[in-house]
Amino acid sequence: MEEAQVFLVGAGPGDPGLMTLRGKELVEQADVLVYDRLVAPEIIGWVRPECEMIYVGKTPDHHTFKQDEINAILVEKAEPGKKVVRLKGGDPFVFGRGGEEAEELHAHNIPFEVVPGISSSIAAPAYAGIPVTHRKMASSFQVITGHEDPTKLMSALNWEQLAEFKGTLVFLMGMKNLPFIAEVLMAYSKPADTPVAVVEHGTWQNQRVITGTLETIALNVMEAGFTNPAVIVVGEVVTLHDQLKWFTPKPLAGKTVGITRARHQSSVLRDKLEALGATVEEFPVLVLRDPDDTTLLKQAAAQPGTFDWVVFTSANGVKMFFKELAAQENIDLNPFGKARVIAVGPATAKALEKRGVKSVLTPDSFQAEGVADILKRMLESDQRVLLVRAQEARTVVQDMVNTIGAELVDVPAYKTVLREDFKDALNEALREGKLDALTFASSSAARNTLTLVDGNKELLTSVKLFSIGPLTTQTMEELGIAPTATAVSSTIDGLVGAVANNLGGLE
Ligand code: SAH
């Protein structure tokens, strides 16, 4: 048998994991890769560096390659001993015009091989939890082009038969004609309440599914703004979607998010963004240091059980205070004795709980104002308060303690300073448009970042900026780098939510 020169390879519906082993092997070996729009970038990335890449999909100026042009490319590139891989979305012979390409190769006596792919016609429904056949609901399915205008007189399709068909109908390329398809099926007496699903970007990380009936689907799809590529599934099996939907897409797939937190605090944010599919780049713009003067910290850590109230305004404060505690000779398992302990927010409370401190109070709003509110309600004038805080901090809590007339031991436990070793990486990432977003979990992170770009606000605002809460947002607005969105709750989860909603198109 003659060795094949051209390989018509199905790339599957999108998710690179759904490509065949043979297909992958051929992409990796290809001398020439001829590919189009619906092929995942990851798959394209499997080629050897010296492989010649020929894109024959729609170009930004909307030139569409004619099938003749593509055929000519395949014939021209084919050569004995060379592998020309023609990579197509889904299966090459299911509406892929692979048949025409094979005919052309045959006409030129060019040996070829066909590598089937998983067609979107079954994979997109499967990823929406819709089995195209089901023992009780559909004993067959049809895959139909929706490209045909069903209202035209000489349709290649028999719409009357399609309307009467008892199995599942799967339309590809049908988004533009969806309203007509639904109408014609109903006109030929397919019940108006027949269930319909549209699966957009099936198996991709931005897959969306919408359901309805023949009567409602066109409007639903218009309102939700669904576009190509999408398959339309008509039939009773669609009712299984609610129960069987199993695939959770990752809305931040393909997005690169920069985080500006200090390294020791970045991992939770990184993990949560990555879990949603984002690529994360870290630019630690600040670093935690001892305060200028550690006398007060050392004194407080030597007698932690002498207070009625202990207030922590950040997880950093907890970390630094316990570092000092650990240096003491007699460490008490319950260092604060009978004192009530207040943490500004959940991350600070968690840092305390991790170190064995129980029953930590947190305010409703995770800010110094919330802490002051608690003290206003509960602090007595004859009590002692230990405040563990950043060296540079607002005086909201101190003011409240002083107003009540209680005794305050005010301890700067750390400072954060500008970290400059990521300056070049940050500037380069911004200049080269590598980032989709940059997150700020504190005012100082925002200030330092602006310093690191030498005050170039336009460079910073060329990406979407996200803030953890109202204080950081206020600082950013004052600096002239207002964020695109602010977390609803001043927490890392809230920050991740703001990024996902905005960048992931979930809003
Ligand atoms: N050969 C391909 C089909 C090519 S025709 C296959 O077997 O899947 C192009 C049409 O396929 C699109 O208009 C759309 O209807 C469908 N399609 C391709 N990829 C899709 C995907 N990931 N999700 C939903 N529909 C898809």
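Criteria and cut-off values
- Residues numbered from 1 in each chain as written.
- Predicted model: local features only at pLDDT ≥ 70, side-chain atom pairs only at ≥ 80, totals over all residues.
- Heavy atoms only, no water.
- Patch = residues over 30% accessible without salt bridge, like charges linked within 9 Å, V, L, I, M, F, W, Y side chains within 5 Å.
- Areas by Shrake-Rupley, 256 points an atom, 1.4 Å probe, with all protein chains shown as cover.
- Salt bridge = Lys/Arg side-chain N within 4 Å of Asp/Glu carboxyl O.
- Helix = DSSP H or I, 4+ residues; strand = E, 2+ residues; numbered from the N terminus.
- Buried < 20%, exposed > 50% of the residue type's maximum accessible area, 1.4 Å probe, protein only.
- Near = heavy atom within 4 Å.
- Polar contact = N/O pair within 3.5 Å; in protein donor to acceptor, adjacent residues only side chain to side chain.
- Core = buried A, V, L, I, M, F, W, Y, C linked by side-chain atoms within 4.5 Å.
- Pairing = 2+ DSSP bridges.
- Axes fitted to C-alpha atoms, helices over the stretch in contact; angles between N-to-C directions.
- Contact = heavy atoms within 4.5 Å.
- Phe/Tyr/Trp six-rings, centres within 6.5 Å; stacked < 30°, edge-to-face > 60°.
- Lys NZ or Arg CZ within 6 Å of the ring centre and 35° of its normal.
- Arc of directions from axis to C-beta.
- Parallel < 35°, antiparallel > 145°, perpendicular 65-115°, else oblique.
- Nonpolar A, V, L, I, M, F, W, Y, C, P; charged D, E, K, R; others polar.

Novice: Looking at this structure, I do not really get a nonpolar patch on the surface. What am I missing?
Specialist: A contiguous nonpolar surface patch, about 220 Å² in accessible area, is contributed by I118, I122 and F141. Note that F141 resides in strand 6 (residues 141-145). A residue is classified by how much of its surface remains accessible, and F141, at 33% relative accessible area, is partly exposed.

Novice: When you look at the site of the ligand in this model, what are you seeing that I'm missing?
Specialist: Residues in contact with the ligand amount to 20 residues; listed here are only the nearest, V94, S120, M173, G202 and A230. The backbone of G202 places a nitrogen or oxygen atom 2.8 Å from a nitrogen atom of the ligand. Coverage of the ligand by the protein amounts to 92% of the 550 Å² it exposes when considered alone. Going through the elements one at a time, helix 5 (120-127) and strand 10 (230-234) are the ones with two or more residues in the shell around the ligand.

Novice: Is there a simple way to think about the nonpolar core in this case?
Specialist: Across soluble globular proteins, nonpolar side chains show a tendency to be buried alongside one another. Grouped together as the largest cluster of nonpolar side chains are 28 residues, with contacts concentrated most on F312, F321, F322, F336, L352 and L386. Elements with a contribution of two residues or more to this core: helix 11 (295-302), strand 14 (309-312), helix 12 (315-326), strand 15 (340-343), helix 13 (346-354), strand 16 (384-390) and strand 17 (407-418). Membership of the second largest hydrophobic core comes to 23 residues, among which are W159, A163, V184 and L185.

Novice: Looking at this structure, I do not really get the sheet that holds strand 10. What am I missing?
Specialist: Sheet strands associate in pairs through backbone hydrogen bonding, adopting either a parallel or an antiparallel arrangement. In space, the five strands of this open sheet follow the order 6-7-10-8-9, with mixed pairing throughout. Strands at the two margins of the open sheet, each flanked by one partner only, are strand 6 and strand 9 (208-213). Shown here is a sheet whose adjacent strand axes are inclined to one another by a mean of 20°, direction ignored. Here helix 8 (residues 217-224) sits on the sheet and contacts strand 8 (195-200) and strand 9; the angle it forms with strand 9, its principal contact strand, is near 150°.

Novice: Would you explain the pattern of salt bridges in this entry?
Specialist: If you walk through the whole model with that rule in mind, you get 27 salt bridges. K415 is the partner of D292 in a salt bridge, and the nearest nitrogen-oxygen pair spans 2.6 Å. Placement of the pair is D292 in the loop between strand 13 (286-289) and helix 11 and K415 in strand 17, with a sequence separation of 123 residues. Taking relative accessible area as the criterion, K415 reaches 18% and is therefore assigned buried. For E369, the salt bridge identified is with R394, shortest N-O distance 2.9 Å. On the criterion of sequence distance, the pair formed by E369 in helix 14 (residues 368-378) and R394 in the loop between strand 16 and helix 15 (396-404) is long-range, its members being 25 residues apart. Judged by its relative accessible area of 32%, E369 is partly exposed. Given a relative accessible area of 39%, R394 falls into the partly exposed group. Several salt bridges converge on common partners, so that one network encompasses D36, R86, K88 and E101.

Novice: What is the right way to look at the side chain of K88 in this model?
Specialist: Position of K88 relative to the elements: it lies in strand 4 (residues 84-88). Under the relative-accessibility criterion, K88 is labelled buried at 3%. Sequence-distant contacts of K88, that is, excluding residues within four places in its chain, are made with V9, G10, A11, G12, D36, V39, G96, R97, G98 and E101.

Novice: For this particular structure, what's the right way to read unusual backbone geometry?
Specialist: With the exception of glycine, the majority of residues adopt a negative phi angle, and the majority of peptide bonds are in the trans configuration. Each neighbour pair has its own omega, and for N228 with P229 the value is -5°, a cis peptide bond. Turning to its location among the elements, P229 is positioned in the loop between helix 8 and strand 10. Here T203, not a glycine, exhibits a phi torsion of approximately 70°, which is positive. Checked against the element boundaries, T203 lands in the loop between strand 8 and strand 9.

Novice: Just to check I follow, could you spell out the packing of aromatic side chains for this structure?
Specialist: The geometry of an aromatic ring pair is captured by the separation of the ring centres together with the interplanar angle, meaning the angle of the planes. By the definition in use, this model includes 10 aromatic pairs. A centroid spacing of 6.1 Å and a plane angle of 85° characterise the contact between F322 and F336, whose relative ring orientation is edge-to-face. One end of the pair, F322, is in helix 12; the other, F336, is in the loop between helix 12 and strand 15, with 14 residues separating them in the sequence. Here F322 and F336 have matching classes, each one buried. Chaining the aromatic ring pairs together yields one cluster made of F312, F321, F322 and F336. The ring of W46 carries K24 above its face, with NZ or CZ at 5.1 Å from the centroid.

Novice: Honestly, the environment of R431 in this entry has me stumped. Any pointers?
Specialist: By the secondary structure assignment, R431 is in helix 16 (residues 423-431). A relative accessible area of 59% means that R431 is categorised as exposed. The sequence separation of R431 and L459 amounts to 28 residues, and the corresponding C-alpha distance is 7.0 Å.

Novice: Would you mind going over helix 16 with me for this structure?
Specialist: The periodicity of an α-helix, 3.6 residues per turn, causes residues three or four places apart in sequence to face the same way. By the burial criterion, the buried members of helix 16 are L426, N427, A429 and L430. When helix 16 is viewed along its axis, its buried side chains cluster within an angular range of 165° and face the same direction. Looking at helix 16, the residues exposed on the side facing more than 90 degrees away from the buried face are D424 and R431. At its buried positions, helix 16 is contacted by strand 18 (437-440), helix 17 (443-452) and helix 18 (457-460).

Novice: Honestly, helix 3 (residues 67-77) in this entry has me stumped. Any pointers?
Specialist: Inspection of helix 3 places Q67, I70, N71, I73, L74 and K77 among the buried residues, and these make up the whole buried set. Down the axis, helix 3 shows its buried residues gathered within 155° of arc, on one side only. Turned more than 90 degrees away from the buried face of helix 3, the exposed residues are D68 and E76. Looking at the buried side of helix 3, the elements it contacts are strand 1 (6-10), strand 2 (32-35), strand 3 (52-55), strand 4 and helix 4 (98-107).

Novice: I tried to follow the packing of helix 12 against helix 13 on my own but got confused; where do I start?
Specialist: To characterise two packed helices, one gives the angle between the axes of the helices and the distance between these axes. The geometry of helix 12 relative to helix 13 is characterised by a closest axis approach of 8 Å and an angle of 20° between their N-to-C directions. As far as their axial angle goes, helix 13 and helix 12 are roughly parallel. For the pair helix 12 and helix 13, contact is made by A315, V318 and F322 and by A347, T348, A351 and L352, respectively. When its residues are assigned to classes, the contact of helix 12 with helix 13 shows six nonpolar, one polar and no charged.

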